[in-house]
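Spelled out, the chains give:
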Amino acid sequence: MPRSLVPAAALLAALAAAAPAAAQDPPPPEPTIEPGVTVAGVEVDGLTADEATAKLRSFFNRPLRFGLGGKPMSVRPGALRSVARISLAVDAALAAAPGTARRLEVVVRKGALKRWFRKRANAFDRAAVSSRVVLRGLRPRLTRPKPGRKLQQYPARLQLAKALRTHDRAVGAFPVKTFQPSVRPRDVGRVVVIRRGSRTLTLYRPAGAGPMRVQARFPVAVGLPAYPTPIGDFRIATKQRNPWWFPPSAPWASGSSPIPPGPGNPLGTRWMGLNVGAVGIHGTPDAASVGYSASHGCIRMRIASAEWLFERVRVGTPVFIRSA
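Because the structure is predicted, anything quoted here is derived from the model rather than measured.

Draft legend 1. Structural view of the overall build of the chain. Helix and strand counts for the chain stand at seven helices and 23 strands. A compact globule built from 324 residues would reach a C-alpha radius of gyration of about 20 Å, whereas the chain, at 43 Å, exceeds it by more than 25%. Along the longest, intermediate and shortest principal axes, the C-alpha atoms of the chain span 160 × 45 × 30 Å. When the 324 residues of the chain are sorted by exposure, 36% land in the buried category. Of the contacts formed within the chain by residues at least 6 apart in sequence, a portion of 61% connects residues at least 24 apart.

Draft legend 2. Main features of the sheet that holds strand 11 (residues 170-173). Read across the sheet, three strands follow the order 4-3-11 without closing on themselves; strand pairing throughout is mixed. Of all the strands in the sheet, the pair left with one neighbour each is strand 4 (71-75) and strand 11. When strand polarity is set aside, the average angle formed by the axes of neighbouring strands in this sheet is 20°. Where helix 5 (residues 153-166) meets the sheet, it contacts strand 3 (64-68) and strand 11, and its direction lies at approximately 165° from that of strand 11.

Draft legend 3. Region of the structure containing the pattern of salt bridges. Evaluated as defined, the whole model comprises four salt bridges. Here Glu311 makes a salt bridge to Arg241, at a shortest N to O gap of 3.0 Å. Taken together, the positions of Glu311 in the loop between helix 7 (303-310) and strand 23 (318-322) and Arg241 in strand 18 (residues 232-241) put the pair 70 residues apart, joining distant regions of the chain. The class of Arg241 is partly exposed, set by a relative accessible area of 48%.

Draft legend 4. Region of interest: the layout of surface pockets. Approximately 610 Å³ is the volume found for the largest pocket. Around the largest pocket, the lining is made up of 25 residues, and of these Trp245, Pro248, Trp252, Ala278 and Cys298 lie nearest the centre. Split by residue class, the lining of the largest pocket holds 16 nonpolar, seven polar and two charged. Computed from the structure, the second largest pocket encloses a volume of approximately 160 Å³. If you trace the second largest pocket, you find it lined by Val108, Lys110, Leu113, Lys114, Tyr154, Arg157, Leu158, Ala161 and Arg165. Elements supplying a minimum of two residues to the lining of the second largest pocket: helix 4 (110-124) and helix 5. With five residues, helix 5 is the single largest residue contributor to the lining of the second largest pocket. Its residues placed into classes, the lining of the second largest pocket shows five nonpolar, no polar and four charged.

Draft legend 5. Quick look at the environment of Arg169. With respect to the helices and strands, Arg169 occurs in the loop between helix 5 and strand 11. Since its relative accessible area comes to 8%, Arg169 is described here as buried. Sequence separation of Arg169 and Val75 is 94 residues, and the distance between their C-alpha atoms is 9.7 Å. Residues in contact with Arg169, not counting those within four places in the same chain, are Phe59, Phe60, Arg62, Pro63, Leu64, Arg65, Pro77, Ala163 and Leu164. Here the side chain of Arg169 touches Phe60 through a polar contact of 2.6 Å, landing on its backbone oxygen.

Draft legend 6. Fine view of helix 5. Taking 1.5 Å per residue, 14 residues should reach 20 Å; helix 5 reaches 20 Å between its end C-alpha atoms and fits that length. Within helix 5 the residues assigned to the buried category are Ala156, Arg157, Leu160, Ala161, Ala163 and Leu164. Considered in projection along helix 5, the buried side chains sweep an arc of 160° and stay on one side of the axis. Across helix 5 from its buried face, at more than 90 degrees, point the exposed residues Tyr154 and Lys162. Positive phi appears at His167, one or two residues downstream of helix 5, with a value of about 65°.

Draft legend 7. How the structure looks around a positive patch on the surface. On the surface, Arg81, Arg109, Lys110, Lys114, Arg115, Arg118 and Arg165 cluster together into a positively charged patch. When you line up the elements, Arg165 lands in helix 5. Exposure remark for Arg165: the relative accessible area of 45% places this residue in the partly exposed category.

Draft legend 8. Region of interest: the environment of Pro243. With respect to the helices, strands and loops of the structure, Pro243 is situated in the loop between strand 18 and strand 19 (270-274). With 16 residues separating them in the primary sequence, Pro243 and Ile259 have C-alpha atoms 9.1 Å apart. Apart from the residues within four sequence positions on either side, Pro243 is in contact with Pro260, Pro261, Asn265, Leu267, Gly268, Thr269, Arg270 and Trp271.

Draft legend 9. View of the packing of aromatic side chains. In total, this model carries seven aromatic pairs according to the counting rule given. Measuring from centroid to centroid gives 5.7 Å for Phe66 and Trp116, while their planes differ by 85°, and the two rings are edge-to-face. Highlighted residues: Phe66 in strand 3 and Trp116 in helix 4, separated in sequence by 50 residues. Residue class for Phe66 comes out buried when judged on its relative accessible area of 5%. When its relative accessible area of 11% is taken as the criterion, Trp116 is described as buried. Pairing Trp244 with Phe246 gives two aromatic rings, centres 5.9 Å apart and planes at 15°, and the pair type is stacked. The class for Phe246 is exposed, based on a relative accessible area of 53%. Each residue in the set Phe66, Trp116, Phe117 and Phe174 is aromatic and connected to the rest through ring pairs, giving one cluster. Above the ring of Phe124, the side-chain terminus of Arg149 is found at 4.0 Å from the ring centroid. Across the ring face of Phe310, the terminal group of Arg270 is positioned such that the distance to the ring centre comes to 5.4 Å.

Cut-offs used in this document
Residues numbered from 1 in each chain as written. Predicted model: local features only at pLDDT ≥ 70, side-chain atom pairs only at ≥ 80, totals over all residues. Heavy atoms only, no water. Helix = DSSP H or I, 4+ residues; strand = E, 2+ residues; numbered from the N terminus. Rg over C-alpha atoms; globule rule 2.2 N^0.38 Å. Buried < 20%, exposed > 50% of the residue type's maximum accessible area, 1.4 Å probe, protein only. Contact = heavy atoms within 4.5 Å. Pairing = 2+ DSSP bridges. Axes fitted to C-alpha atoms, helices over the stretch in contact; angles between N-to-C directions. Salt bridge = Lys/Arg side-chain N within 4 Å of Asp/Glu carboxyl O. 1 Å grid on protein atoms, 1.4 Å probe; cavity = no way out; pocket = protein on both sides within 12 Å on 5 of 7 lines; lining within 4 Å. Points joined across faces, edges and corners; volume = space filled by probe spheres on them. Nonpolar A, V, L, I, M, F, W, Y, C, P; charged D, E, K, R; others polar. Polar contact = N/O pair within 3.5 Å; in protein donor to acceptor, adjacent residues only side chain to side chain. Expected span 1.5 Å × (residues − 1). Arc of directions from axis to C-beta. Patch = residues over 30% accessible without salt bridge, like charges linked within 9 Å, V, L, I, M, F, W, Y side chains within 5 Å. Areas by Shrake-Rupley, 256 points an atom, 1.4 Å probe, with all protein chains shown as cover. Lys, Arg positive; Asp, Glu negative; His and termini not counted. Charge placed at Lys NZ, Arg CZ, Asp CG, Glu CD. Phe/Tyr/Trp six-rings, centres within 6.5 Å; stacked < 30°, edge-to-face > 60°. Lys NZ or Arg CZ within 6 Å of the ring centre and 35° of its normal.

Given below as structure tokens:
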């Protein structure tokens, strides 16, 4: 071997022996964030990029808590398709000087927010429900009214979007508009129930939601078997003092002439016509017929009783006629 090659060979051997030692040197430490640095108020000093990313992701994904109609509810940002720019915030934090406060920007997708609120409103909104008269058994009662409500979507969207951007998770109650029903128990007034079988008329007065109270009860005459008083739910459609009697177009009235107000008028002094055919509640000069099936479909009362009732009902008063 030539003498000039010995130093070169020795040098190669030395390099080969040193190579494994260099390959096992520890990697340089990952950079960490300087002391006192915060992102959106979250302390991230001393953290690596991965650690800061995990901490900020957990911070952003906290649920937003709000109230709707008096009920506490919550939603996570992901359900609103909102995204935080965490990578940009972490890069800015790594480059920040000690004691620096950095922002965490949030992308709020307005379309997703609108769809979310529209779905909430569809489940929450309701029309006002008025009180109405229903018959349970043979006694009328008033249903309980319910106010209407409507979620005010636009201001609520602004409220939630602001909370997302400021990382405030206590959103508060969403604005709701309420509507009062047009008919409440005190607006209903009195109700008449006629029992055709027992030939009685009962006047009920309201006492708030629930069963109505009996105000007065009278014996009446109802229709003959050939001309039965109709069964059903009706209302008073017209009221007349000292009415004329006009013969209806029926065989039993054929050849009759109109009768003016006066002692001989078959309608007495008061007429309360129902919204069915020529049927009504009226007085009768034939007091002896009261308590029997004696009319051609109308409900007859004694003169004084009809006058008393006339002053306490109005056009639109419900009249329930039953076979009992």
